[in-house]
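Structural characterization, general
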Amino acid sequence: VQLQASGGGLVQAGGSLRLSCAASGRLFSSYSMGWLRQAPGKEREFVAAITWGGGSTYYADSVKGRFTISRDNAKNTVYLQMNSLKPGDTAVYYCAADRVTFRSPRSDSSAYLDWGQGTQVTVSS
């Protein structure tokens, strides 16, 4: 799957952003999708994931209640709505597609085969 992420930017604390990730290639609707992020000097970390049909979602504790992942299989796109943003959310955000079809999402980076180029999110205090 080729992935193209967009929607990042600079926002004040408390603000919102919506990230999008457009996919092409292997059958998008067969794969769970995830969003992960990496801040400067830190390891890449799991943010959120969604099953292939969109029926189940998973979140890191740090974003639960503030972020919402969704997907539109007709548009081959996955989204990440981010509300109540904090300076600690500043990072490059990556969308990624699972290696295996019809598998429940994983939080570890190694579970994902295809990655987008990343989009920068900066939250100012």
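Residues numbered from 1 in each chain as written. Predicted model: local features only at pLDDT ≥ 70, side-chain atom pairs only at ≥ 80, totals over all residues. Heavy atoms only, no water.

Our next topic: the state of the cysteines. Evaluated as defined, the whole model comprises one disulfide. With a sulfur-sulfur separation of 2.0 Å, C21 is cross-linked through a disulfide to C95. Here C21 and C95 share a disulfide; its torsion about the S-S bond, 60°, makes the bridge right-handed. One end of the pair, C21, is in strand β3 (residues 17-24); the other, C95, is in strand β9 (residues 91-101), and 74 residues separate them in sequence. (Disulfide = S-S within 2.5 Å. Helix = DSSP H or I, 4+ residues; strand = E, 2+ residues; numbered from the N terminus.)

Here four strands make up an open sheet; going across it, the order is β1-β3-β8-β7 and the pairing antiparallel. Two strands close off the open sheet at either side, each with one partner strand: β1 (2-6) and β7 (67-72). Strand-to-strand twist across the sheet, computed as the mean angle between neighbouring axes with direction ignored, equals 15°. Pairing of β3 with strand β8 (residues 77-82) involves six bridges; the strand directions are antiparallel. The residue of β8 that forms the bridge with A22 is T77. (Pairing = 2+ DSSP bridges. Axes fitted to C-alpha atoms, helices over the stretch in contact; angles between N-to-C directions.)

So, on to the packing of aromatic side chains. Think of a pair of aromatic rings as described by two things: how far the centres are apart, and how the planes are tilted against each other in angle. The tally for this structure, following the rule as stated, stands at three aromatic pairs. Summarising the aromatic geometry, the rings of Y94 and W115 are spaced 6.3 Å apart at their centres and angled 80° between planes, so their arrangement reads as edge-to-face. Residue Y94 is found in strand β9, and its partner W115 is found in strand β10 (residues 112-115); the two are separated by 21 residues along the sequence. With a relative accessible area of 26%, W115 lands in the partly exposed category. (Phe/Tyr/Trp six-rings, centres within 6.5 Å; stacked < 30°, edge-to-face > 60°. Buried < 20%, exposed > 50% of the residue type's maximum accessible area, 1.4 Å probe, protein only.)

Moving on to the side chain of T119. Mapping T119 onto the fold places it in strand β11 (residues 119-124). By relative accessible area, T119 is classed as buried at 10%. Engagement of the side chain of T119 in a polar contact is seen with the backbone nitrogen of G8, the distance being 3.1 Å. For T119, the contacting residues outside a window of four places in its chain are A5, S6, G7, G8, L19, A91, V92 and Y93. (Polar contact = N/O pair within 3.5 Å; in protein donor to acceptor, adjacent residues only side chain to side chain. Contact = heavy atoms within 4.5 Å.)

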